[in-house]
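Here is what each chain is made of, one letter per residue.
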Amino acid sequence: MQEWGMRKILLMLAVTLASGAALAQGSDAVRQGVMDRLVKQTGVYNKSPTGAAPGFVADPSWPQRLPNNWQLGQVAGLYVDRHDHVWISNRPRTMTNDEAALDTADLKDGKNGLGFDRPNGAIGDCCNAAPSVMEFDASGKMLRAWGGPADPGFLQNRCKAADGCIWPNSEHGIYVDHNDNVYIAGNGRAPVSPNSAWTTHKQGGDGFVLKFDRDGNFKLRIGGTPTGPASNDTNGGFNGTPLMFLPADMVVDPTTNRLYVADGYGNRRILIVDADTGKYIGHFGAYGSNPVNDEAAAAGGRWMSDYLKGNRKPAFFRNPVHCVKVASDGKIYVCDRGNNRVQVFDRNSPELGKPCNNPTGIAGKCGYVSETLVSEKTDTVLPGTAVSMNFSTDKAQSCLYVGDNTNMTIYLLNRSNLQELGRLGRAGRMAGEFHWLHQVSLDTKGNIYTAEVDNGKRIQKFLRYGAAGCSGTGSATVGGVLK
């Protein structure tokens, strides 16, 4: 089965690559050489000899070219919905002057909306900043694009402050729930630039999550615009909803309609609210503790200060609390990026989200289940490791794919024992490589999609072949330098 799956993948890619003139002169041997290099350079490596995991290969033809001379900025959020459509949260305000050389939107006093000088109009033939929210089908064709300052008229007509809608100054996570509602988070601490017409609010930091339908019609705001952390807030936001501070990611549990928010770059908690009303249900910090001690966490410094003292179990989340995912068996997984770790909790625990004290991380207390360190020797003066994760799409969701922001790879873990079975992707700029890997998501076929920030500014697709899930044993130590 694995061999046949691999042959189908190679055949599909061979047709894609050989369709142009570049290989018109080529023989089967030339095409096979291209395929061999692609699989070698973009496939799974560091494979466990005692475990099994899916195989992957990058699809360098995905996505298709964008219309309107659009180009992506940093892609902070990415999520694959139940229709196998890929949604991204694009940051148009991270475009550089040369990247947006054609852009003259919101021209005023000789400057465009990004704040770049345009005294004589466009300075080049390409490109324009794209809207903040974009939807692609599995083939990479763009289906929808809306939202943010690069979408003309959107902020004036569809995201009105009078209705409670304010757009984040820095787009972050995106999520689409089982009812096709689209959620957007932001992590801007302050206005983008005093020179930019694209600053979208000036009240404070991005302390909210927005909810839209798939066409970009505003439905709900949860939170407000704080100036500092308040990890125990329950009702200080818009319409009595909890006040967040720089939230990163969110997920809705379809069995309960609870929205879990990784809150975030400023706060140090997982927030639980009702997905329809936004009203507070509960929250928890590291090891399920509630309340969260922001002062002690801030005084703790970076991860390495604890690690060098031998403390591998900090009692608090460090910023950013970067992702939250809910598995079908009720386990909740949290990216504690500032501590280079993943923590696991039990959705069904009556203690989870309620006042509870578990500073030493006792399993079974406060809803806490287990944890694993991810490349634990990484100094978080760099971004940190556990940045995003998701599950394989077999019935047991037996693989946990964990993205590493600093070391720019994806770890393939057996979800039953959290042992590393292999890795996908390396640091670099070529197909299948990463620069500041930021998001990992999967479609129903088990294909992996990724997004990059900093100056990576791209999305990629990895086609799955072979096994659908993970089994066996691997390395109990996740990450680290390979020999």
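The structure this text deals with has already been given above.
Residues numbered from 1 in each chain as written. Predicted model: local features only at pLDDT ≥ 70, side-chain atom pairs only at ≥ 80, totals over all residues. Heavy atoms only, no water.

**Concerning the overall build of the protein**
Note the following rule: What counts as a helix is a DSSP run of H or I of at least four residues, what counts as a strand is a run of E of at least two, and both are numbered from the N terminus. Here the globule rule reads 2.2 Å times residues to the power 0.38, and the radius of gyration is calculated from C-alpha atoms. Any residue under 20% of the maximum accessible area for its type is buried, any over 50% is exposed, and the rest in between are partly exposed; the area is computed with a 1.4 Å probe on protein chains only. Pairs of residues are marked as contacts when any of their non-hydrogen atoms sit within 4.5 Å. Here the Shrake-Rupley method, with its probe set to 1.4 Å, supplies the accessible areas, and only the displayed protein chains count as covering residues. When charges are counted, Lys and Arg are positive and Asp and Glu negative, with His and the chain ends excluded. Where a charge sits is defined by one atom per residue type, namely NZ (Lys), CZ (Arg), CG (Asp) or CD (Glu).
A count of helical and extended segments in the protein gives 5 helices and 29 strands. Against the 2.2 N^0.38 benchmark of 23 Å for 483 residues, the protein shows a C-alpha radius of gyration of 22 Å, consistent with a compact globule. With respect to the principal axes defined by its C-alpha atoms, the protein has extents near 65 × 65 × 40 Å. Sorting the 483 residues of the protein into buried and exposed places 59% on the buried side. The long-range share in the protein, meaning contacts at least 24 apart out of those at least 6 apart in sequence, stands at 58%. Accessible surface for the protein amounts to roughly 19,000 Å². Of this, 51% is attributable to carbon and sulfur atoms. On the protein, the mean spot of the 51 positive side-chain charges and the mean spot of the 46 negative ones are 3 Å from each other.

**Digging into the sheet that holds strand 28 (residues 459–465)**
In a beta sheet, neighbouring strands pair by backbone hydrogen bonds and run either parallel or antiparallel. Heads up, the condition is: DSSP-based pairing: two strands are paired if at least 2 bridges between them are found. For helices, the fitted line uses only the C-alpha atoms of the stretch in contact; every axis is such a line through C-alpha atoms, and the angle between N-to-C directions lies from 0 to 180 degrees.
Strand order in the open sheet formed by 4 strands is 3-28-27-26, and the pairing between neighbours is antiparallel. Whereas interior strands pair on both sides, the edge strands pair on one side only; in this sheet they are strand 3 (55–58) and strand 26 (437–442). Across the sheet, the mean angle from the axis of one strand to that of its neighbour is 25°, orientation sign disregarded. Pairing of strand 3 with strand 28 involves 4 bridges; the strand directions are antiparallel. For Phe56, the partnering residue across the bridge sits in strand 28 and is Arg464.

**Here we look at the packing of aromatic side chains**
Worth spelling out the cut-off: Any pair of Phe, Tyr and Trp rings, taking the six-membered ring for Trp, is counted once the centres come within 6.5 Å. Such a pair is stacked with planes under 30 degrees apart, edge-to-face with planes over 60 apart, and tilted for the rest. Remark: a charge is flagged as sitting over a ring if the NZ atom of Lys or the CZ atom of Arg is within 6 Å of the ring centre and within 35 degrees of the ring normal.
One pass over the structure, following the stated rule, counts 17 aromatic pairs. The interplanar angle of 85° and the centroid separation of 5.8 Å between the aromatic rings of Phe56 and Tyr401 together place this pair among those described as edge-to-face. Here Tyr401 lies in strand 23 (residues 399–404) and Phe56 lies in strand 3, a separation of 345 residues in the sequence. Each member of the pair, Phe56 together with Tyr401, is buried. Centroid distance Trp146 to Phe212: 5.2 Å. Interplanar angle 55°. Geometry classified as tilted. Here Phe212 lies in strand 12 (residues 207–212) and Trp146 lies in strand 9 (residues 142–146), a separation of 66 residues in the sequence. When its relative accessible area of 3% is taken as the criterion, Trp146 is described as buried. Members of the aromatic cluster, joined through ring pairs, are Trp146, Phe154, Trp167, Phe212 and Phe218. The ring of Phe238 carries the charged tip of Arg221 above its face, separated from the ring centre by 4.4 Å. Over the ring of Tyr45 we find Arg426, and its NZ or CZ is 3.7 Å from the ring centre.

**A few points about the state of the cysteines**
To keep it simple, the criterion reads: Here, a disulfide means two cysteine sulfur atoms that sit within 2.5 Å of each other.
For the coordinates displayed, the defined rule picks out 5 disulfides. Shown here is the disulfide that connects Cys126 with Cys127, its sulfur atoms set 1.7 Å apart. Measuring handedness by torsion sign, the sulfur bridge of Cys126 and Cys127 sits at about 75° and is right-handed. Owing to a relative accessible area of 35%, Cys126 belongs among the partly exposed residues under this scheme. Between the sulfur of Cys356 and that of Cys366 lies a disulfide, 2.0 Å long from S to S. Between Cys356 and Cys366 the disulfide shows an S-S torsion of about -85°. By sign, it is left-handed. You can see Cys356 sitting in the loop between strand 20 (341–346) and strand 21 (368–373) and its partner Cys366 sitting in the loop between strand 20 and strand 21, a full 10 residues away along the chain.

**Some words on the sheet that holds strand 25 (residues 419–424)**
Strand order in the open sheet formed by 5 strands is 1-25-24-23-22, with antiparallel pairing between adjacent strands. Where the open sheet ends on each side, the last strands, each with one partner, are strand 1 (44–45) and strand 22 (386–391). Of the pairings in the sheet, the one linking strand 22 to strand 23 comprises 5 bridges and is antiparallel in character. The residue of strand 23 that forms the bridge with Met389 is Val402.

**Concerning the nonpolar core**
We count it as follows: Residue types Ala, Val, Leu, Ile, Met, Phe, Trp, Tyr and Cys, when buried and joined through side-chain atoms within 4.5 Å, form a set referred to as a nonpolar core.
Formed by 47 residues in total, the largest nonpolar core has its most connected members in Leu259 and Ile270. If we skip the residues at most four places from it in the chain, Ile270 touches Tyr260, Val261, Ala262, Gly282, His283, Phe284, Phe317, Val321, Val324 and Val334.

**Examining unusual backbone geometry**
Omega for the bond connecting Cys126 with Cys127 falls within 30 degrees of zero, at 15°, which places this linkage in the cis form. Within the element layout of this structure, Cys127 appears in the loop between strand 6 (86–91) and strand 7 (128–129). In this structure, Pro291 follows Asn290 across a cis peptide bond, with omega equal to 10°. By secondary structure assignment, the location of Pro291 is in the loop between strand 17 (280–284) and helix 4 (294–299). A positive phi angle, near 60°, is found at Tyr287, a position not held by glycine. Along the chain, Tyr287 turns up in the loop between strand 17 and helix 4.

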